[in-house]
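Below are the chains, spelled out letter by letter.
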Amino acid sequence: MTHVYVPRTLTDAAMTAVRDLGHPVVVGGEEPPTRDALLRDVAGAVAVVCTLTERIDAEFLDAAGPGLKVVANTAVGYDNIDVPAATARGVRVTNTPGVLDGATADLTMALILAAGRRVLEGDRLLREQTPWVWGPRMLLGLDLSAGASLGVIGYGRIGRAVARRAKAFDMRILATPTSSSLTEEDRLGVRFVELPELLEQADVVTVHCPLTPATRHLIDADALRRMKSTAILVNTARGGIVDERALVAALRAGDIAGAGLDVFDGEPKVDPELLTLENAVLTPHIGSAGTATRERMCRLSVSNVAEVLAGRDPVTPVN
Ligand code: DGY
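Analysis parameters
- Residues numbered from 1 in each chain as written.
- Predicted model: local features only at pLDDT ≥ 70, side-chain atom pairs only at ≥ 80, totals over all residues.
- Heavy atoms only, no water.
- Phe/Tyr/Trp six-rings, centres within 6.5 Å; stacked < 30°, edge-to-face > 60°.
- Helix = DSSP H or I, 4+ residues; strand = E, 2+ residues; numbered from the N terminus.
- Expected span 1.5 Å × (residues − 1).
- Buried < 20%, exposed > 50% of the residue type's maximum accessible area, 1.4 Å probe, protein only.
- Contact = heavy atoms within 4.5 Å.
- Axes fitted to C-alpha atoms, helices over the stretch in contact; angles between N-to-C directions.
- Parallel < 35°, antiparallel > 145°, perpendicular 65-115°, else oblique.
- Nonpolar A, V, L, I, M, F, W, Y, C, P; charged D, E, K, R; others polar.
- Near = heavy atom within 4 Å.
- Polar contact = N/O pair within 3.5 Å; in protein donor to acceptor, adjacent residues only side chain to side chain.
- Areas by Shrake-Rupley, 256 points an atom, 1.4 Å probe, with all protein chains shown as cover.
- Domains from an automatic or database assignment.
- Buried area = accessible area lost by both parts, 1.4 Å probe.
- Salt bridge = Lys/Arg side-chain N within 4 Å of Asp/Glu carboxyl O.
- Core = buried A, V, L, I, M, F, W, Y, C linked by side-chain atoms within 4.5 Å.

## Some remarks on the packing of aromatic side chains
So, point 1. Applying the stated criterion across every chain, the model contains 1 aromatic pair.
So, point 2. Seen from their ring centres, Tyr155 and Phe192 are 5.6 Å apart, and the 85° between their planes marks the pair as edge-to-face. Separated by 37 residues along the polypeptide, Tyr155 in the loop between β6 (149-153) and α7 (157-168) and Phe192 in strand β8 (residues 191-192) bring together distant segments of the chain.

## Topic: helix α13 (residues 291-309)
So, point 1. With 19 residues, α13 should reach 27 Å at 1.5 Å per residue; the first-to-last C-alpha distance of 27 Å fits that figure.
So, point 2. The set of residues buried in α13 consists of Thr293, Met297, Cys298, Leu300, Ser301, Val302, Asn304, Val305 and Val308.
So, point 3. At its buried positions, α13 is contacted by α1 (12-19), β3 (45-50), β4 (70-73), β5 (92-94) and α5 (101-116).
So, point 4. Backbone geometry just after α13 places Gly311 at a positive phi near 85°.

## Structural notes on the packing of α1 against α13
So, point 1. Where α1 meets α13, the closest approach of the two axes is 8 Å, and the angle between their N-to-C directions is 10°. Here α1 is positioned roughly parallel relative to α13, judged by the angle of their axes. Where α1 approaches α13, its residues Ala13, Ala14, Ala17 and Val18 are matched on the opposing element by Glu295, Cys298, Arg299 and Val302.
So, point 2. Looking at the contact of α1 with α13, its residues break down into 6 nonpolar, no polar and 2 charged.

## Some points on the site of the ligand
So, point 1. Close contacts around the ligand come from Leu52, Ala75, Val76, Gly77, Leu100, Arg238, His285, Ser288 and Met297, and that covers them all.
So, point 2. With respect to the ligand, the backbone of Val76 contributes an N or O atom lying 2.7 Å from an oxygen atom.
So, point 3. Within the side chain of Ser288, one N or O atom sits 2.6 Å away from an oxygen atom of the ligand.
So, point 4. Bound to the protein, the ligand loses 91% of the 230 Å² it would expose on its own.

## Quick word on the domain arrangement of the chain
So, point 1. According to the domain assignment, the chain contains domain 1 (3-99 + 291-309) and domain 2 (101-282).
So, point 2. Centre-to-centre separation of domain 1 and domain 2, based on C-alpha positions: 32 Å.
So, point 3. Contacts between the two partners involve 9 residues from domain 1, matched on the other side by 6 residues from domain 2.
So, point 4. In terms of surface lost to domain 2, no three residues of domain 1 exceed Leu52, Asp79 and Gly98, which account for 59% of the buried area on that side.
So, point 5. Scanning the region where domain 1 abuts domain 2 turns up 1 salt bridge.
So, point 6. The residue Asp79 makes a salt bridge to Arg238 at a minimum N-O spacing of 2.9 Å.
So, point 7. The interface formed by domain 1 and domain 2 holds 1 residue pair in polar contact (both at pLDDT 80 or more) in total.
So, point 8. Of the residues in the side of domain 1 that touches domain 2, the class split is 5 nonpolar, 3 polar and 1 charged.

## What about the nonpolar core?
So, point 1. Counting residues in each nonpolar core, the largest one holds 32 residues, and the members touching the most others are Ile219, Leu224, Leu233 and Leu247.
So, point 2. Of the residues forming this core, the biggest block, 5 residues, is contributed by helix α11 (residues 244-253).
So, point 3. With residues near it in sequence (within four places) discarded, Leu233 still touches Val205, Val207, Ile219, Leu224, Met227, Val242, Leu247, Ile256, Gly258, Ala259 and Gly260.
So, point 4. Met109, Leu150, Ala163 and Val281 belong to the second largest nonpolar core, which has 29 residues in total.

Structure representation (structure tokens):
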């Protein structure tokens, strides 16, 4: 019988749900499989429950063969998947929107606070046993509640969740225009402005758009030049949206005050120069890494597979 391929081990409950689908299950392991293993193990699969570390392209889909019905990505972003290639082969693609908004927004706030208030610089100072004494000018940073503005690039579910949290910190909210309903924005007092104005006015610029050809290096040297020298940039979306070389140069030159990054172009590699910068706070793509959130993501992926295998529409389709 055709199998369900799970290249990366999911949560325990989700693995049980995969086994309950009634197909043989081929599981990769905790670490990402090599490309060769990926192409070998998908051969003959009816469904794939993958993560953002697997590249799902025409070669992969062809290696699976004509029996493949669904690729369920356990992530909201699906820039790792060639969706037109899947559609052309009649393969449904699904993602996990909605269930990780809060966790990603929480981590975004953590990065805003850590970069803005220089939490890691303070932590390092103590751990390195640098002599210190309280001083009126010591480690001064960004006061969120003193009228600071948040600029949200990509005002979708996660962007809104960040805006709600920022509002509780008394921040003013700017966002790039969205086509969706404005009911909540009216309540939060969001001001919609075009990107150049947002970059020029925001004290914190936070990125929440998907990575597409149109958004690759959206934050480039020109965008960084527009930002205030006191501003911080936060990215919990995809590394490729920010030109990292330009960001390193801007952080070095003091063109912006700091950055909080959870995602990197070329992950899991991180630009070695970023690692040397005091004013960059770095985390290893843990935006959705809450225990309950990961459970919901994995379960949603498996539900999507179950629906397609039962001949129904998936819960959260991409194509
Ligand atoms: C996503 O869902 O796209 C995140 O980057 C991983 O949770």
